[in-house]
Amino acid sequence: MDLELEPTLESIIKQDSLKWIFVGGKGGVGKTTTSSSIAVQLALAHPNDKFLLISTDPAHNLSDAFCQKFGKDARKVEGLSNLSCMEIDPEAAMSDLQQQASQYNDDPNDPLKSMMNDMTGSIPGIDEALSFMEVLKHIKNQKTSKDDDTSDISYRTIIFDTAPTGHTLRFLQLPATLEKLLSKFKDLSGRLGPMLSMLGGGKQQDIFEKLNEVQKNVSEVNEQFTNPDLTTFVCVCISEFLSLYETERMIQELMSYNMDVNSIVVNQLLFADADEDPCKRCQARWNMQKKYLDQMDELYEDYHLVKMPLLGCEIRGVENLKLFSKFLLKPYDPKTDGSIVFQLEQK
Amino acid sequence: MLDISPYQLVIASLLVIFFKQIVGKVGKEVLEENGWRLYTTVGQRLGDAKLKELGNRRAELAKIDRERKSISAQDEYARWTKLNRRFDKLSGETEKLAESQKDRKAQLGRALGVALFATTSLPIWVFRIWFRKAVLFYFPAGTLPYALEYVLALPFVPTGGVGLTVWMFACNSVISSLLFMVCFPFQASVPPPARPTNEKEDKTAPTETSKPATPAS
């Protein structure tokens, strides 16, 4: 490994084996812009491959970022034909699943009817896991449903724009929990099996099978996500105390799940040193940002620390994203690139 | 086999019962806690590696925590975060180490329980069964009414004598009363009962009394 890691996301863009890229951080730090930028850069760098950008944030803003309406199904981005986007509401996927469960079993007197729901509510991380599996199923379904160009539709990399709330990836710790729980249940069903079958007419077997299936799926997903060749996580933050603190905590948590984290994008930097007409407030603020940047350089020396500028307006539309995202690969230099700040076309 | 004169028996059972009452008054949990503390300090002195490590870790944790609190998180973010990382790592390890010591603590607790049983309950029951027919002392004939002497001689001693059962009962009640009298001034005061104004307050009226339980044996 290099002693000094270059402050760009080039390794992510160039890496051939990556299948999943997660982009995460607290709300308002520019996750969507960053994930869109990464997706745009990937699509530009590999014009012959397909890429998918998924937002699991209930407050969808991919549509706004690309100035184009997206929905539950993958839709190609206008002007960048090898990038598709979809917006999925994980909560909706979850309630779909529960509805499905109640379809199988519509006996109102069945004491085991609510068991599935109770279980899904009681295991930490299982709702995230289930909704994630729904997302993955959705992607798989898409592959099979459009059978006219099946070879075309398999994505090289899928980029996730994660929700700022909660522990999006808490389910990575799930397999161990589930295994424990399942062995307990098996023990219990061995002892209470006859009684349970009297109560539920043998339906508890379904529940165990279902849980087993969940466990298998989760461990599969887990294996993929903890493999640094397949999956990486990009943290997004701004140069302020609380954002840095949250980022640090997130990195520690991700590392405890054995997930690969080696890039941090610092957004909304002012780069006020080279301004022609100095603004006092910008410079003061830039000084504060620099203070935290120095600290970050010291703390995250073995990370790719990408510094992105704050522009004059919202970054929306494919053209603007292309302009902005090139600084993910080539560090922003306020002297030569300063013109971009007011250059973006307004939509 | 057990050749003890009645006089020795009187004194021995008195001492054992006194000890048992004291133990009951102090409480087994308190004894276990203090025993563990003593064990760890002595163990550390004697150079028990694990205990020593645990002690060192705890001290280091406290040091890091003091350092972390003494600096400003916003001014020295990098240093503060590094301290945080060290603290988290160390506290995780310490937790694991402490967890592994829990077995030892439980073992110590069990040993203490066995020791207490062997020095209190066991001798009492051995005495009561082995010397059930031993007469500790006699009354001169006709000192008490026959009915009373009959009762005092229960269950296995000839009428006119006093056996262990009655002697132990007497010891228990006297010692527990004495202990109560000694402890009473040091107990937390109970609020004086107020006249209940309605039914609701009736239930919450103070029912706490500072009466110590009297053990049966």
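Quick caveat: nothing in here was measured; it's all calculated off a predicted structure. (Residues numbered from 1 in each chain as written. Chains lettered and ligands numbered in written order. Predicted model: local features only at pLDDT ≥ 70, side-chain atom pairs only at ≥ 80, totals over all residues. Heavy atoms only, no water.)

## Points about the environment of Phe 241 of chain A
Definition in use: Helix and strand assignments come from DSSP, with helices taken as H or I runs of at least 4 residues and strands as E runs of at least 2, each series counted from the N terminus. The contact definition used throughout considers only heavy atoms, calling two residues in contact when any of these lie within 4.5 Å.
Counting through the fold element by element, Phe 241 of chain A comes out in helix H10 (residues 241-256). Setting aside residues no more than four positions away along its own chain, Phe 241 of chain A makes contact with Tyr 292 of chain A together with Ala 73, Gln 74, Tyr 77 and Trp 80 of chain B.

## Things to note about the UniProt feature "transmembrane region" (unreviewed entry) in chain B
Residues and elements named next belong to chain B. Threshold: UniProt positions are given in the numbering used here, feature names are shortened, and annotations may be inferred rather than shown by experiment.
In this structure's numbering, the residues bearing the UniProt feature "transmembrane region" (unreviewed entry) are residues 111-131, 137-157 and 164-188. The span residues 111-131 is 90% helix and 0% strand, and its two end C-alpha atoms sit 28 Å from each other. Helix makes up 80% of residues 164-188 and strand 0%, and the two end C-alpha atoms of the span are 36 Å apart.

## Some points on the pairing of strand E7 (residues 261-269) of chain A
The two faces of a sheet get side chains in turn, since along a regular strand they alternate between them. Residue and element names in this part refer to chain A. Basically, it comes down to this: To sort residues, take the accessible area from a 1.4 Å probe on protein chains only and compare it with the maximum for the residue type: under 20% means buried, over 50% means exposed, and anything in between is partly exposed. Two strands are said to pair when DSSP picks up at least two bridges between them. If the strands point away from the viewer and the path from the first strand over the helix to the second runs clockwise, then the crossover is right-handed.
For E7, the buried fraction is high: seven of the nine residues fall into the buried class. Bridge analysis of strand E6 (residues 231-238) against E7 gives six bridges, and the strand direction is parallel. Opposite Phe 233, over in E7, you have Val 261 as the bridge partner. Read as a crossover between parallel neighbours, the route from E6 over H10 to E7 is right-handed. Relative to strand E8 (residues 304-309), E7 runs parallel, the two sharing five bridges. For Val 266, the partnering residue across the bridge sits in E8 and is Lys 307. Taking the sense of rotation as the criterion, the β-α-β connection linking E7, helix H11 (residues 280-299) and E8 turns out right-handed.

## Points about the pairing of E6 of chain A
Residues and elements named next belong to chain A. For E6, the buried fraction is high: eight of the eight residues fall into the buried class. Neither face of E6 is exposed, since Thr 231, Phe 233, Cys 235 and Cys 237 on one face and Thr 232, Val 234, Val 236 and Ile 238 on the opposite face are all buried. Across five bridges, the pairing between strand E1 (residues 20-24) and E6 is parallel. The residue of E6 that forms the bridge with Phe 22 is Phe 233.

## So, the confidence of the model for chain B
When pLDDT is low, close inspection of the predicted coordinates is not appropriate. Residues and elements named next belong to chain B. The cut-off we apply is this: pLDDT runs from 0 to 100 and stands for how confident the predictor is about each residue.
Averaged over every residue, the pLDDT of chain B is 83; residues scoring 70 or more account for 90%. Per-element confidence in chain B is highest for helix H7 (residues 164-183), whose mean pLDDT is 90, and lowest for helix H8 (residues 199-204), whose mean pLDDT is 52. Contacts from residues 204-217, a stretch scored under 50 in pLDDT, to residues over four places away or in other chains number 16 contacts.

## As for helix H1 (residues 6-26) of chain B
Residue and element names in this part refer to chain B. We count it as follows: Helices are assigned an expected span. That span is 1.5 Å times one less than the residue count. The arc in question is the one traced by the directions running from the helix axis out to the C-beta atoms.
The terminal C-alpha atoms of H1, which comprises 21 residues, lie 30 Å apart, in line with the 30 Å expected from a rise of 1.5 Å per residue. All of the buried residues along H1 are Leu 9, Val 10, Ser 13, Val 16, Ile 17, Gln 21 and Val 23. Around the axis of H1, the buried residues are gathered within 165° of arc, so they sit on the same side. Turned more than 90 degrees away from the buried face of H1 sit Tyr 7 and Leu 15, all of them exposed. Its buried side turned inward, H1 meets helix H2 (28-46), helix H4 (77-119), helix H5 (121-130) and H7.

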